[in-house]
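Examination of the molecular architecture
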Amino acid sequence: MSPPSPSVSAIVVAAGLGSRFGGERPKQLAPLAGRPVLTHSLLVFEACPDISEIILVLPRDWLEIIVAEAVTPYLSVKPVCVVGGRSRVESTRRGFEASGGDLLLIHDGVRPLISPDLVARVARAARERGAALAAVPVRDTLKKVENRLVGATVDRRLLWQAQTPQGFQRELLARALAGAGTDGATDDIELVQRLGLSAEVVSGSARNLKITTPEDLIMAEALMNHSACFRTGHGYDLHRLAEGRPLWLGGVPVAFERGLLGHSDADVLAHALVDALLGAAGLGDIGEHFPDKDDRWAGASGALLLRESMAKVRAAGWELVNADLTLVGEKPKIGPYRQAMKEALAGALSVAPAAVNVKATTTEGMDAVGRGLALAAYAAVALKNI
Ligand code: MG
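Residues numbered from 1 in each chain as written. Predicted model: local features only at pLDDT ≥ 70, side-chain atom pairs only at ≥ 80, totals over all residues. Heavy atoms only, no water.

1. Points about the domain arrangement of the chain
Domain boundaries in the chain define domain 1 (8–227) and domain 2 (230–385). The C-alpha centroid of domain 2 is placed 40 Å from the C-alpha centroid of domain 1. The interface is formed by six residues belonging to domain 1 together with five residues belonging to domain 2. Both sides together, the interface formed by domain 1 and domain 2 hides about 520 Å², and carbon and sulfur atoms give 40% of it. (Domains from an automatic or database assignment. Contact = heavy atoms within 4.5 Å. Buried area = accessible area lost by both parts, 1.4 Å probe.)

2. Considering the coordination of the magnesium ion
Taken together, the protein ligands of the magnesium ion are Asp237 (OD), His239 (NE2) and His271 (ND1), with distances of 2.2 to 2.3 Å. Coordination of the magnesium ion draws on donor residues from a single chain, spaced D-x1-H-x31-H in sequence. Taken as a pair, Asp237 in strand S12 (residues 230–243) and His271 in helix H8 (residues 268–280) lie far apart in primary sequence, 34 residues in all. Accessibility assignment for this pair places Asp237 and His271 in one class, buried. (Donors = N, O, S within 2.8 Å, 3.2 Å for Na, K, Ca; no water. Helix = DSSP H or I, 4+ residues; strand = E, 2+ residues; numbered from the N terminus. Buried < 20%, exposed > 50% of the residue type's maximum accessible area, 1.4 Å probe, protein only.)

3. Describing the environment of Val268
Looking at the element boundaries, Val268 is found in helix H8. With a relative accessible area of 0%, Val268 lands in the buried category. With near-sequence residues (within four places) excluded, Val268 lies in contact with Asp237, Leu238, His239, Leu249, Leu260, Leu327, Leu375, Ala376 and Ala377.

Next up, the structure:
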């Protein structure tokens, strides 16, 4: 039997307040391709199968706001959140103390274009060599400058730019943090160097840029859109109308003399939307994920099924661009409920209400729906890769 593989902790350090970025809010929260910068980094680590826990290091004054805006709506498991220190090393130390992994991967929270492949390569190198980091060769010619006069040209063949992730075996990072020389270190590998040890360099990527200035955000957005991939999905559902049941549509209760019959709350709009989301992500259908033989879903609200489905869609690497829903029925009229439905559905999906459209039509009395025996719904969605 092979020994169990060591557990891996990701420590995402996002404790800075970003003076070069300007603005009143930290750059961790700046919107990038429709979600906060930090969220992109966290979702990559959440999607890495080998990572057993995420430790998130945040600035004290912004901790609750960052968790509420960038973490809770997007991650299926909440990371362990700790307050950062005054320096980079102090923040690393606090993240380290909260972690339990045999192998530690430390990442700048504001490098949102990190790829799972680079995470895996740094982890592998750190496991074999004790410590490793992502880095890229310097591209520009470098000059020493004094008093605005050029001195020597530095041989750039020897120079690489350090990125993150930086990976460490636990004992090694413990020793490096306990060592005397932590003053002024601007990355974590330097602590290992100060022990007289080295670290393996793994080829990083120019895409793995650190958001420091507003221009970096524009470049990151352009890189993300350049590799954007879209998928569409379609869903349909129908439920019978029956006496003595409450009517739920689009996640809100609707006043009507009958309700829809089903194992859950039978919200046809929500169910059609669940099927469209699962379909677009290639994840099968509602019956597979929420079987009506399973008591867990007895009486389940449409909003709950949507929340669960959207988490699966995000875990598969997709974000909702928009959803368009059509309710088919003669009665009740949904005009007065339309805005509340948009908000309830968007809330369950953790997207802006503007991303959800709800409309209605009749079948002019022609079929079972037209005779008032049932309500049906269609949904179409577009997803974008994340
Ligand atoms: Mg249904």
